[in-house]
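One-letter residues, chain by chain:
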Amino acid sequence: MRRVATYSWGFVRVWTIFSIIGVQIKQDLGLNETQFGILVATPVLTGSVSRIFLGIWTEQLGGRRVFSLLMLVTAACVFLLSYVESYAMFLVAALGVGLAGGSFIVGIAYTSYWFEKEAQGTALGIFGAGNAGAAVTNFAAPFLLLAVGWERTAVVYAAVLAVMAVVFWLFTQEDPLTRTRRGEGGKATSARAQLEPLKHIQVWRFSLYYFFVFGAFVALASYLPRYYVGAYDISIALAGTLTALYSLPASVFRALGGWLSDRYGARAIMYLTFIASLICLFLLAYPETRYVVQGKEGEIAFSLAMPLWGVVMLTMLLGFFMSLGKAAVYKHIPVYYPHNVGSVGGLVGMIGGLGGFFLPILFGAVLDLTGIWTSSYMVLFLLVAVSLVWMHGAIRRMERQRVPELGEERYRYLPELQEPAQAYAKQQQSSQPGN
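Sequence order sets the numbering: in each chain, residues are counted from 1 along the sequence as written. Reporting of local features is limited, given that this is a predicted model, to residues whose pLDDT is at least 70; pairs of side-chain atoms are given and counted only at 80 or more, and all residues count toward the totals for whole chains, interfaces and linings. To obtain the side-chain values, all non-hydrogen atoms of the structure were used and water was disregarded.

Draft legend 1. View of the overall build of the chain. Helix and strand definitions follow DSSP, with helices as H or I runs of at least four residues and strands as E runs of at least two, each counted in order from the N terminus. Across its full length, the chain carries 19 helices and two strands. Categorising residues by exposure relies on relative accessible area from a 1.4 Å probe, with only protein chains included: less than 20% of the type maximum marks a residue as buried, more than 50% marks it as exposed, and the intermediate range marks it as partly exposed. The burial tally for the chain puts 56% of its 435 residues in the buried class. We call two residues in contact whenever any of their non-hydrogen atoms come within 4.5 Å of each other. Partitioning the intrachain contacts of the chain with sequence separation of at least 6 by distance along the chain shows that 81% fall at a separation of at least 24. Working definition of accessibility: Shrake-Rupley area with a 1.4 Å probe, residue cover restricted to the visible protein chains. Summed over its atoms, the accessible surface of the chain is roughly 18900 Å², and 65% of this surface lies on carbon and sulfur atoms.

What follows is the structure, given as structure tokens:
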């Protein structure tokens, strides 16, 4: 598992490479904010849509084969990026680079089969910590870009990815489920059977959660360098470093999120994630504002503005809670759908990844329309609010279905405390006359 997490670092580093070299490409080609948002988001489109197919193929062929082949194909696409010159061809090349993003569901399915249900949250959290590769890109790529140019930066990333593909194939084994199926001569589950759980609205609700905790993570990791450079007039190297401060906690604490989900329940962690994120996003979204108050001796003027250090601290805190939420979402999947981790996890990952595609475009478009730098945080605030309301409504409905006697005790129990709730209902029944 530690090996898979290590290799996932390389994939995420490649997936977010446009967040850094894209700034230089924007200047070279004279792109506007919307065009830049599309360029940064395009790799995420491929990485998102491919996840559901890669999840199914992983169930059928085994994660070791799919993961190794995917790394080699992505390495070739990144290498070809160094020969591109026009904006249209950059978009085409970005589609190929985006295959790196699809690797996540391959690793999730591959990793989950090695562990029991009680430990899967922690295991998948450790694997998901590979998202910290985005922080490595945001920190290291600006210096590499300044030293050798963006063309050679792409070549370096391609070479590293190709080497990791070979190392992964040589030093890993097939997961227990694939080995057992091949040893017994059994057939893999058909794609149609794997897609059967997708008819449940619950799967799509999990997808919306992941649209924020992962999709917004990818979107901000790609968009923050441009935000820092434009809003605070700092260098690209410093902007990349500050973005790394966001990306790192948004990744490495995913293992903690998995452990907390195993111990306290995934729903409780999702509540914590959404409520804390709402607070952070409200503060981040508040634009620089000037006030004039009529005082006793005349007008009193003052302004409210978030300083750069405040934005950095709040984004780090936001990233921390996102990391907990990412682990909590995927804790649900092997528990509810143990035989369809690839397909269900692929759909959730696809929808979440699409957040990383659409949100940077939306950030750029809203910025062009409003001219307010903090408008991107306003978009995310609305997204989290909708997710929290839907989640709480769904949980309350399930509670009332399972324990109708608690219909009037609306806020007595947290969602994870179903056993105490049921015990309370039985106690109430037994205390009634005639029982």
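Draft legend 2. Representation of the packing of aromatic side chains in the model. Two rings from Phe, Tyr or Trp (for Trp, the six-membered ring) form a pair when their centres are within 6.5 Å of each other. A pair whose planes differ by under 30 degrees is stacked, one over 60 is edge-to-face, and the rest are tilted. What the rule picks out here adds up to 16 aromatic pairs. Aromatic side chains Phe214 and Phe217 sit 6.2 Å apart centroid to centroid with 45° between the ring planes, which places their arrangement in the tilted category. Of this pair, Phe214 and Phe217 are both found in helix α11 (residues 201-232), three residues apart, which corresponds to roughly one turn of the helix. Since its relative accessible area comes to 1%, Phe214 is described here as buried. Residue Phe217 is classed as buried on the basis of its relative accessible area of 1%. The interplanar angle of 55° and the centroid separation of 6.5 Å between the aromatic rings of Phe282 and Tyr286 together place this pair among those described as tilted. In this structure Phe282 comes out as partly exposed when scored by relative accessible area, which is 48%. Through successive ring pairs, a cluster of aromatic residues spans Tyr227, Tyr228, Tyr232, Trp373 and Tyr377. Placement of a charge over a ring requires the Lys NZ or Arg CZ to be within 6 Å of the ring centre, with the centre-to-atom vector within 35 degrees of the ring normal. Sitting over the ring of Phe217, Lys326 keeps its end group 3.7 Å from the ring centre.

Draft legend 3. Main features of unusual backbone geometry. Its identity is not glycine, yet Asp233 carries a phi of approximately 55°, on the positive side. The topology assignment puts Asp233 in the loop between α11 and α12 (236-247). The class of Asp233 is exposed, set by a relative accessible area of 69%.

Draft legend 4. A look at the environment of Lys26. Positionally, Lys26 belongs in helix α2 (residues 18-29). Taking the relative accessible area as the measure of exposure, Lys26 reaches 15% and is therefore buried. Along the chain, Lys26 and Tyr87 lie 61 residues apart, while their C-alpha atoms are 9.4 Å from each other. When neighbours within four sequence positions are excluded, Lys26 is seen to be in contact with Leu31, Asn32, Glu33, Phe36 and Arg226.

Draft legend 5. Looking closely at the pattern of salt bridges. The salt bridge criterion pairs a side-chain nitrogen of Lys or Arg with a carboxyl oxygen of Asp or Glu, the two atoms within 4 Å. The final tally for this structure, using the stated rule, is one salt bridge. A salt bridge links Lys331 to Asp262; its shortest N-O distance comes to 2.7 Å. Taken together, the positions of Lys331 in helix α16 (residues 308-336) and Asp262 in helix α14 (residues 254-264) put the pair 69 residues apart, joining distant regions of the chain. For Lys331, a relative accessible area of 10% gives the class buried.

Draft legend 6. Quick peek at the nonpolar core. What makes a nonpolar core is a set of buried Ala, Val, Leu, Ile, Met, Phe, Trp, Tyr and Cys residues whose side-chain atoms join them at distances within 4.5 Å. The biggest cluster of nonpolar side chains holds 85 residues, and the ones touching the most others in it are Phe212, Leu220, Tyr228, Tyr330, Val348 and Tyr377. Judged by nonpolar contacts, the second largest core, of twelve residues, contains Leu81, Val84, Ala93 and Val97.

Draft legend 7. Molecular detail of the packing of helix α3 (residues 33-61) against helix α5 (residues 87-97). For the pair α3 and α5, the least separation of the axes is 7 Å and the interaxial angle reads 25°. Taken as axis vectors, α3 and α5 run roughly parallel relative to one another. Where α3 abuts α5, its residues Gln35, Ile38, Leu39, Thr42, Pro43, Leu45 and Thr46 lie against Tyr87, Phe90, Leu91, Ala94 and Leu95. Charged means Asp, Glu, Lys or Arg here, nonpolar means Ala, Val, Leu, Ile, Met, Phe, Trp, Tyr, Cys or Pro, and polar covers whatever is left, Gly included. In terms of residue class, the contact of α3 with α5 is built from nine nonpolar, three polar and no charged. The convention used is that axes are lines fitted to C-alpha atoms, helices contributing only their stretch in contact, and that angles between N-to-C directions extend from 0 to 180 degrees. When an angle is under 35 degrees it counts as roughly parallel; over 145 it counts as roughly antiparallel; between 65 and 115 it counts as roughly perpendicular; any other value is oblique.

Draft legend 8. Just the packing of α11 against α16, in detail. Running from N to C, α11 and α16 cross one another at 155°; their axes reach a closest spacing of 9 Å. As far as their axial angle goes, α16 and α11 are roughly antiparallel. Where α11 crosses over α16, the handedness of that crossing is left-handed. A breakdown of the residues in the contact of α11 with α16 according to their chemical character gives 20 nonpolar, four polar and one charged. Handedness of a helix crossing follows the sense of rotation of the near helix relative to the far helix, less than a right angle counterclockwise being left-handed and clockwise being right-handed.

Draft legend 9. Fine view of α14. Of the residues making up α14, those classed as buried are Arg254, Gly257, Gly258, Leu260 and Ser261. For α14, the arc enclosing every buried residue in end-on projection is 165°, short of the 170-degree limit, so these residues lie on one face. At the C-terminal side of α14, Gly265 shows a positive phi close to 100°. Here the arc refers to the set of directions running from the helix axis out to each C-beta atom.

Draft legend 10. Up close: a nonpolar patch on the surface. Surface patches are defined over residues having more than 30% relative accessible area and no salt bridge, joining like charges when they lie within 9 Å and nonpolar side chains (Val, Leu, Ile, Met, Phe, Trp, Tyr) when within 5 Å. There is a patch of nonpolar side chains on the surface, built from Ile275, Ile279, Phe282, Leu283, Tyr286, Leu304 and Phe381 and spanning about 640 Å² of accessible area. Tallying contributions element by element places helix α15 (residues 266-285) first for the nonpolar patch, with four residues. With respect to the helices and strands, the residue Leu304 is situated in strand β2 (residues 298-304).

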